[in-house]
Amino acid sequence: MAGGGDLQSPKKRKRDAAGKPKTLAKGGDDGKKRKRPSDANMAQGGGGGEVKVKKEPVTAKEKRLAAKEMAESRKKKRKRNYSLEKELTVLWEKMRCHNVSSTERSKLVSEALRKMDGKYSEIAGSHVTARVLQTCVKLCSQSERDAIFEALQPDLLTLSLKKYAVFLVKKLIKRATKKQFEWFISSLHGRVAKLLRHTIGASVVDFAYQLATPPQKRRLLLELYSTELQLFTDLTGQKTHSLLETISNLGLQKSSVLQHMTTVIYPILEKGIVEYPIVHTAVLEYFTIADKTSATDVIRQFIPLLTQGSSAIDGDEPSVAPELQKKLKAKKKRLTEPLLVRIMNTREGLKIGVSCLKHGSAKDRKKIIKSLKGHIMKLALSDYGCILLVAILSVVDDTKLVTKIVIQELAKHLKQLIFDKNGRRPLLQLLHPNCSRYLPPADLACLNYRVPSLISKDEASESAAEDIPENKVDVATNKEQDGSESMQSASDSKKDPFQRRHELLIKSELAEVLIQTLIENVGELLRTNFGKDVLHEVAVGGEDNILEGITDRIHSLHNAIASDAARPKAEDTEHAFDNYHSSRLIRRLILESPAFAAILWKKALEGKCKTWADGHSSKVVAAFLESPDSKVRDLAKAELQPLVDRGILKISDHKAVEK
């Protein structure tokens, strides 16, 4: 064939190109990867140009490197600032180190800001670079921070709606000057309601609300009240503190304000955005003008929201590694908490929780209490959560459910609760309800809070409940009803308060466990500020002698206190009569409990009064002569009166009793 002799096989051409013949291995493989015939022809010029053939990975290491290169190339195509992101990440890791000097850190921050200059808006929305910019805002100088704020000023509200940029906005607001912060508050005018309906934007509005001054807070809240207040800036300058004052001072129509607030609040509740203080305040203000129907509807919407998210995480999936399960649990911990626990960060949130308890039906209360399973201790140790538990113990008539969910959890951690300022309050409420010594006026006001439009109906229900026979109380309270009748017929409680306390304390055996814990820790409890209060209430038998059924156990506690006081003085431990807290507690017990006074006298003071007639201990000794019980006075008069006559023991004139 013409020209046929010029054609060569691929193997032939490869040998000629090498310059000398090669001895091929079996199968034609020379130990190296070869080009396919078509590739070889193209490389010879058949394709019109040289084409580079990429070497396919063979080993595991080569495959990993190839996958990494492919991921890098895809990121470069997808992200405009990918190379800049990598550079900033390196600088970020360096500037965050604790061992970096302040001078070197300032240089690193300045270099990072120089690289980001002109691209702040693009960078702010990225997961990685947004963190770099946040760190720079935190560590940079004031002039550099002002430059960043000025560059981002037109886009701050847009960034407030983005998943990662929102944290940068909060950082800028937190470190803004008064002028910059005032500008941001002004920029929110007319947009507060819209932002509060956005799951991300709501956090920015609330963050600004918490940092704002009282006049600025009023400006943000007033926009939620009326359309006129959104349109006219000068109206928001009114120095009004409440919605009712605003309506009165500005001459607004109450029905119009109620209608507008309904359109604002309902979308917020539908999305479950109820954990922010600004929302709590707006809802409470809404209650002040709401009629019975509107208030009832809002409470009905709140209760399912407050109890959602309380299901446990299923961590037993075999496909998930144990380490990953632990991380997932930590990540989802906040989501598993019911909203009722999460709103207990403000006094307004506490009032909302109390109103749902008081104005909810028996079925609603059951749902609320069940949702708190596993979260009782967190509530008990928090400032406002402990008051919610106090409300549950004071309002809910289903003592079996309360015992199962609340009391049993408290009983497991009694020692921790007794020594804690907040944790002891649910226990003290059972022992001495609504005592101003343990509950400040502000907390008592929260405990007594009711929605204004529902008060009269509740009072009517309470008066009607007095006529219900005792054996029918439980049936009436636990009956589940539907519709408005269920919500409106619910009152604080229908069960006798003493009976409820007796069931929660005695029938549940909480008092037995409590007294045993007090006996085991009596020395430490006597000498602590918070622990001594629970010790005192139990030692005197509680309010209305609620612990009358376990007098023998209280007698054991009296002996334990007296035994601690009978110990001789020691250098390592302050004596009970000399300690500030214990001396005052023992004095109160002498004045209020004749049984304890007799035990203490025989065990610790008889024949030794002269030793304790000075200092803090003198208050203990003098209490025997100040006691309202004549038997206690007669018990100590023979030994103490000579000390008084000689001036060794001093008794105040207004406390002195007749000889």
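Computed from a predicted structure; not experimentally measured.

1. Section: the overall build of the protein
Logical step 1: The secondary structure content of the protein amounts to 41 helices and zero strands.
Logical step 2: Taking all 659 residues of the protein together, the buried fraction comes to 44%.
Logical step 3: Put simply, of all contacts in the protein between residues at least 6 apart along the chain, 70% involve residues at least 24 apart.
Logical step 4: Summing over all exposed atoms, the protein offers an accessible surface of approximately 35100 Å²; the carbon and sulfur share of this is 50%.

2. Focus: the environment of Lys358
Logical step 1: Along the chain, Lys358 falls in helix H22 (residues 347–359).
Logical step 2: Measuring from C-alpha to C-alpha, the distance between Lys358 and Leu447 comes to 10.0 Å, with 89 residues separating the pair along the chain.

3. Digging into the packing of helix H13 (residues 201–211) against helix H18 (residues 277–289)
Logical step 1: Look at H13 against H18: their axes get within 8 Å of each other, and the N-to-C directions meet at 80°. Accordingly, the angle class assigned to the pair H13 and H18 is roughly perpendicular. Of the residues in H18, those in contact with Val205, Asp206, Tyr209 and Gln210 of H13 are Pro277, Ile278 and Thr281.
Logical step 2: For the contact of H13 with H18, a count of residues per class yields four nonpolar, two polar and one charged.

4. Side note on the pattern of salt bridges
Logical step 1: For the structure on display, the rule yields 18 salt bridges.
Logical step 2: For the salt bridge of Arg500 with Asp397, the shortest nitrogen-to-oxygen distance reads 3.1 Å. Of this pair, Arg500 sits in helix H33 (residues 497–507) while Asp397 sits in the loop between helix H25 (385–395) and helix H26 (399–412); the two residues are 103 residues apart in sequence, bridging distant segments of the chain. Considered together, Arg500 and Asp397 belong to a single accessibility category, that of buried residues.
Logical step 3: The closest approach of N and O atoms between Arg425 and Asp443, which form a salt bridge, is 3.4 Å. With Arg425 in helix H28 (residues 424–431) and Asp443 in helix H29 (residues 441–447), this pair connects stretches of sequence that are 18 residues apart. Taken as a pair, Arg425 and Asp443 share a single burial class, namely buried.
Logical step 4: Ionic contacts of the salt-bridge type, sharing partners, join the residues Arg347, Arg425 and Asp443 into one network.

5. Some words on unusual backbone geometry
Logical step 1: Positive phi, close to 70°, is recorded for Glu509, a residue that is not glycine.
Logical step 2: You can see Glu509 is positioned in the loop between H33 and helix H34 (510–520).
Logical step 3: Residue Glu509 is classed as exposed on the basis of its relative accessible area, which comes to 54%.
Logical step 4: Non-glycine residue Asp544 carries a positive phi angle of around 60°.
Logical step 5: You can see Asp544 is positioned in the loop between helix H36 (531–539) and helix H37 (551–565).

6. Describing the packing of H22 against H25
Geometrically, a packed helix pair is captured by the angle between its two axes and the distance between the axes.
Logical step 1: Between H22 and H25, whose axes approach to 10 Å, the crossing angle comes to 15°. The angle between the axes of H22 and H25 places the two elements in the roughly parallel class. Considering the relative orientation of H22 and H25, their crossing is right-handed. Contact residues: H22 offers Leu350, Gly353, Val354, Leu357 and Lys358, while H25 offers Ile387, Leu388, Ala391, Ile392 and Val395.
Logical step 2: Here the residues of the contact of H22 with H25 sort into eight nonpolar, one polar and one charged.

7. What about the packing of aromatic side chains?
Logical step 1: Taken as a whole and judged by the stated rule, the model has three aromatic pairs.
Logical step 2: Seen from the ring of Trp92, Arg96 lies directly overhead, with NZ or CZ sitting 4.0 Å from the centre.
Logical step 3: Above the ring of Tyr209, the side-chain terminus of Lys217 is found at 5.3 Å from the ring centroid.

8. Focus: a positive patch on the surface
Logical step 1: A cluster of basic residues, Lys366, Lys370, Lys373, Lys404 and Lys412, forms a positive patch at the surface.
Logical step 2: Looking at the positive patch, the elements with two or more residues in it are helix H23 (362–371) and H26.
Logical step 3: Position of Lys373 among the secondary structure elements: in the loop between H23 and helix H24 (376–380).
Logical step 4: A relative accessible area of 58% places Lys373 in the exposed class.

9. Structural notes on helix H7 (residues 127–139)
Logical step 1: An ideal rise of 1.5 Å per residue puts 18 Å on 13 residues; H7 measures up with 19 Å between its terminal C-alpha atoms.
Logical step 2: Turning to H7, its buried residues are Thr129, Ala130, Val132, Leu133, Gln134, Thr135, Cys136 and Val137.

10. Considering H13
Logical step 1: Within H13, eight of the 11 residues are buried, which leaves it mostly tucked inside the rest of the structure.
Logical step 2: Taken together, the buried positions of H13 are Gly201, Ala202, Ser203, Val204, Val205, Asp206, Ala208 and Tyr209.
Logical step 3: Each element contacted by the buried residues of H13 is listed here: helix H10 (165–174), helix H11 (178–187), helix H12 (192–196), helix H14 (214–222) and H18.

11. Description of the side chain of Glu626
Logical step 1: Turning to its location among the elements, Glu626 is positioned in helix H40 (residues 617–626).
Logical step 2: Note on Glu626: relative accessible area 13%, which makes it buried.
Logical step 3: Only 3.0 Å separates the side chain of Glu626 from the side chain of Arg587, close enough to count as a polar contact.

12. A few points about the state of the cysteines
Logical step 1: Going through the model one piece at a time under the given rule, you end up with zero disulfides.
Logical step 2: A disulfide-free cysteine, Cys140 has its sulfur positioned 7.1 Å from the sulfur of Cys136, the nearest such atom.

13. Let's talk about the side chain of His432
Logical step 1: Looking at the element boundaries, His432 is found in the loop between H28 and H29.
Logical step 2: Polar contacts involving the side chain of His432 include one to the side chain of Glu543, which spans 3.3 Å.

How each quantity is defined
- Residues numbered from 1 in each chain as written.
- Predicted model: local features only at pLDDT ≥ 70, side-chain atom pairs only at ≥ 80, totals over all residues.
- Heavy atoms only, no water.
- Helix = DSSP H or I, 4+ residues; strand = E, 2+ residues; numbered from the N terminus.
- Buried < 20%, exposed > 50% of the residue type's maximum accessible area, 1.4 Å probe, protein only.
- Contact = heavy atoms within 4.5 Å.
- Areas by Shrake-Rupley, 256 points an atom, 1.4 Å probe, with all protein chains shown as cover.
- Axes fitted to C-alpha atoms, helices over the stretch in contact; angles between N-to-C directions.
- Parallel < 35°, antiparallel > 145°, perpendicular 65-115°, else oblique.
- Nonpolar A, V, L, I, M, F, W, Y, C, P; charged D, E, K, R; others polar.
- Salt bridge = Lys/Arg side-chain N within 4 Å of Asp/Glu carboxyl O.
- Left-handed = near helix turned anticlockwise from the far one by under 90°.
- Phe/Tyr/Trp six-rings, centres within 6.5 Å; stacked < 30°, edge-to-face > 60°.
- Lys NZ or Arg CZ within 6 Å of the ring centre and 35° of its normal.
- Patch = residues over 30% accessible without salt bridge, like charges linked within 9 Å, V, L, I, M, F, W, Y side chains within 5 Å.
- Lys, Arg positive; Asp, Glu negative; His and termini not counted.
- Charge placed at Lys NZ, Arg CZ, Asp CG, Glu CD.
- Expected span 1.5 Å × (residues − 1).
- Polar contact = N/O pair within 3.5 Å; in protein donor to acceptor, adjacent residues only side chain to side chain.
- Disulfide = S-S within 2.5 Å.

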